[in-house]
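# Analysis of the macromolecular model
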Amino acid sequence: MIEFKLPSLGADMEKGTLLEWRVRPGEAVTKGQVVGVVDTTKAAVDVESWQEGIVHELLVEPGATVAVGTTLAVLREPGDTPEQLASARARIAAAAAAAAAPAVAATTERRVSPAARKRAQELGVDIDAVQGAGPQGAVTIADVERGAAAKTPAPADRARALRQTIAMAMARSKREIPHYYLAEEINLASALDWLRRENERRPVTERLLVACLYLKAVALAARKHPAVNGFFLDGQFRPSAAVHLGVAISLRGGGLIAPAIHDVDRLSLAGLMRGMSDLVTRARAGSLRSSEMSDPTLTVTNLGEQSVDSVFGVIYPPQVALVGFGQVRDRPIVVQGEVRPAPTVTASLSADHRASDGHDGALFLATVRELLQHPESL
Amino acid sequence: MSAGATISYREALRQALREAMQRDPRVFLMGEDVGRYGGTYAVSKGLLEEFGPDRVRDTPLSELAFVGAGIGAALGGMRPIVEIMTVNFSLLALDQIINNAATLRHMSGGQFSVPLVIRMATGAGRQLAAQHSHSLEGWYAHIPGLRILAPATIDDARGMLAPALADPDPVLIFEHVQLYNTEGALSDAWQATDIRRARVHRAGRDVSLVTYGGSLGKALLAAERLAGEGIEAEVIDLRVLRPLDAETVFESVRRTHRAVIIDEGWRSGSLSAEVSARIAESIFYSLDAPVLRVCSEEVPVPYPKHLEDAVLPQVPDIVAAVKEIVSGHD
């Protein structure tokens, strides 16, 4: 028997709203299959199952908002007896009740009438944001309707919620993370040369972008300098063995999102390129998968399409670093005592001083620079 | 008597009894002091003279015996109306009512029916002390096989008996002792009295007051007082305590989102508990506030007037309960 639980679709995610099920009881589920769609405040995310089984029971109704880790469904495996399934069901119900209880006890009890809750759902009002003015401070229908009247129309809401999420994460980052910043100008002459030659022999659809080289170089450098790759959690730095790069993608409706490409250090450039274009397309269409939303270990932002020289970003907690790339253009460089034009880019590092020191950061950037001098080995 | 005239609740009951006996020779009245004395609450005054001792029968002081005789007569094709002095005394006939009257249709596989009507007084407020003042109709409403009626108005006092007699199964009619002397106009509606539905007596949008019998008047007074403070209470008279017409209650609470149940019975295991549970079970998501109950204090009803008043649900209690759950009035 498998309990399919709501995964964390980002380090800052505490709860999610189930939008729809993509499976029905009795249906077989394979590894990697999308079983449902969950709304985080950032996006509607396709949630995949990483185990195989037959859907035994769907425990959460679409529309319900539940905490990360809540059992959403039970999958049956060969050999499960009805007794086992029934006892598991009881255990899950008890766990759900136990999980709900302390949360209520911990905070001052918030009274929301059942009718107010229902009305809030109908009107699309966030019940947690409604101030209760009913008896004993309870939130009543009247409060919800007042809240709805004050609310902006629905389409603006997603953008506003996203803005709010970014605001919270960034404010937390600047409040908690002692950032330090380093930058290094990297000569891209050999990288762009190699790229041009490489692309000439590739079909149009398989051509590589320079961003692809950046990601691979950053991933390899991160493996070598683990102090920039991982999470700062519960007062200590936890380096990550895997390198999942968050790729900052700006959304058409405003805001940005940084889903992960997994194990970038082990991907071929072609594989990485495919992953990138797929990710950008789906991020902008709002159909990301759960595994991509959860836990990038290091984020890369590329503002090269704009004309900025460099970017000193704000780290996305609980990550400990963010790598930025500016615009590539010909700049004067000095080679063997001569000023020459060469295409360069400024790579920058924003890093968490609790996890690493400037020395580590400098070594990391130097490695990125070195790797980009030998694109053929990426 | 024609519709529109002002009569007492007692007179309305008497008219119904007289009419029933005039219309159907199988109908007769039986009980303690119903004949020569005219009934403990004077409901049957004059009927012995009009219909004679075969049809208005004084019985010995044995509830078990005369209720049993009534069941036998009903099985034998008669349409008996048995009067029990108070619900407290009906406990002596519990075996007959619950083990026989309520079960025979089921136990005979539908071969027998018990078309019996039992009338009895219930409730407090007349300083008759604990052994004559309790409200036990909620107990009877627990029993499958019985229909339980609680006429609270002149119209229902006049109109419920005929459909009760027409019912092929036992019907218990609970007359609250405080109502016998009340007076009011008899409307045209009594002739079409429906003993399946509750009735909305007063429309309101803020809260539903659900009650029956002797508490209806108090609920209406409370609604009047609340209206003066800007709270519009809807008042529902359950009328039929079994089978309960929950849908009428639901329909009201779905609109008002709040309910206060007023029941002269004790709170624990009461009819008010049943109504409250059904609301919670069926229309939980319509509730904007907890369902509250105004019931009698859980003591035997006392004799002294001031204590009796203190024990029973009163208008200020209802008003206070409503204000507790209506926004902006706490």
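What you see is a predicted model; the values in this text were computed from it and never measured.

### Brief notes about the overall build of chain A
Helix and strand counts for chain A come out as nine helices and 20 strands. When each of the 378 residues of chain A is scored for burial, the buried share is 37%. A separation of at least 24 residues holds for 62% of the contacts in chain A among residues at least 6 apart in sequence.

### Let's talk about the sheet that holds strand β6 (residues 53-58) of chain A
Residues and elements named next belong to chain A. As summarised here, the arrangement of the four strands in space is β1-β8-β6-β3, forming an open sheet in which the pairing is antiparallel. Two strands in the sheet have a free side with no partner beyond their single neighbour: β1 (2-5) and β3 (28-29). Sheet topology note: the β1/strand β8 (residues 71-76) ladder contains four bridges and is antiparallel. The residue of β8 that forms the bridge with I2 is L75.

### Regarding the interface of chain A and chain B
Opposite the eleven residues of chain A that make contact, chain B presents eleven residues. Of all the secondary structure elements, the ones that give two or more residues to the side of chain A that touches chain B are α2 (114-123) and α3 (141-150) of chain A. Here the side of chain A that touches chain B gets four residues from one element, more than from any other, and that element is α2 of chain A.

### Section: helix α5 (residues 94-101) of chain B
Residue and element names in this part refer to chain B. Every buried residue belonging to α5 is among Q96, I97, N100 and A101, and all of these are buried. Take α5 and look down its axis: the buried residues cluster within an arc of 115°, on one side only. At its buried positions, α5 is contacted by α3 (63-75) and α6 (104-107).

### Considerations on the pairing of strand β19 (residues 329-335) of chain A
Residue and element names in this part refer to chain A. Among the seven residues of β19, zero are classified as buried, and the element is accordingly described as predominantly exposed. With seven bridges connecting them, β19 and strand β20 (residues 338-352) associate as antiparallel partners. Following the sheet pairing, P332 is matched in β20 by P341. The turn linking β19 back onto β20 is made up of two residues, and Q336 within it adopts a positive phi angle of 50°.

### What about the confidence of the model for chain A?
Residue and element names in this part refer to chain A. Taken residue by residue, chain A gives an average pLDDT of 86. The fraction at 70 or more is 93%. When the elements of chain A are averaged for pLDDT, helix α1 (residues 82-106) gives the smallest value, 67, and strand β18 (residues 321-325) the largest, 96. Counted against residues more than four places away or in other chains, residues 102-107, with its pLDDT under 50, gives one contact.

### Considering unusual backbone geometry
Residue P318 of chain A is bonded to the preceding P317 of chain A through a cis peptide linkage, with omega at 5°. Assignment of secondary structure puts P318 of chain A in the loop between β17 (298-302) and β18. Across the junction of R242 of chain B and P243 of chain B, the peptide omega takes the value -10°, indicating a cis bond. Checked against the element boundaries, P243 of chain B lands in the loop between β12 (240-242) and α11 (246-256). The backbone phi angle of H257 of chain B is positive, close to 65°, even though this residue is not glycine.

### Observations regarding the pairing of strand β7 (residues 171-176) of chain B
All names here are of chain B. Here β7 lies mainly inside the structure; six of its six residues are buried. Burial of the side chains of β7 extends over both faces: V171, I173 and E175 are buried on one face and L172, F174 and H176 on the other. Across six bridges, the pairing between strand β5 (residues 117-122) and β7 is parallel. In the sheet register, R119 faces β7, and the bridge partner there is I173. Here strand β6 (residues 147-149) runs beside β7; their pairing, made up of three bridges, is parallel.

### A look at helix α7 (residues 269-285) of chain A
Residue and element names in this part refer to chain A. The first and last C-alpha atoms of α7 sit 24 Å apart over 17 residues, in line with the 24 Å expected at 1.5 Å per residue. What α7 keeps buried is the set L272, M273, G275, M276 and A283. Mapping the buried residues of α7 onto a view down its axis gives an arc of 165°, with all of them on the same face. In α7, the exposed positions that point more than 90 degrees away from the buried face belong to D278, T281 and A285. Against the buried residues of α7 lie α6 (210-224), β12 (245-247), β13 (249-250), β14 (256-257), β15 (260-261) and β16 (288-289). Remark: G286 follows α7 within two positions and exhibits a positive phi of approximately 75°.

What counts, and at which threshold
Residues numbered from 1 in each chain as written. Chains lettered and ligands numbered in written order. Predicted model: local features only at pLDDT ≥ 70, side-chain atom pairs only at ≥ 80, totals over all residues. Helix = DSSP H or I, 4+ residues; strand = E, 2+ residues; numbered from the N terminus. Buried ≥ 20, exposed ≤ 12 C-beta atoms within 10 Å, placed from the backbone. Contact = placed C-beta atoms within 7 Å. Pairing = 2+ DSSP bridges. Arc of directions from axis to C-beta. pLDDT = per-residue confidence, 0-100. Expected span 1.5 Å × (residues − 1).

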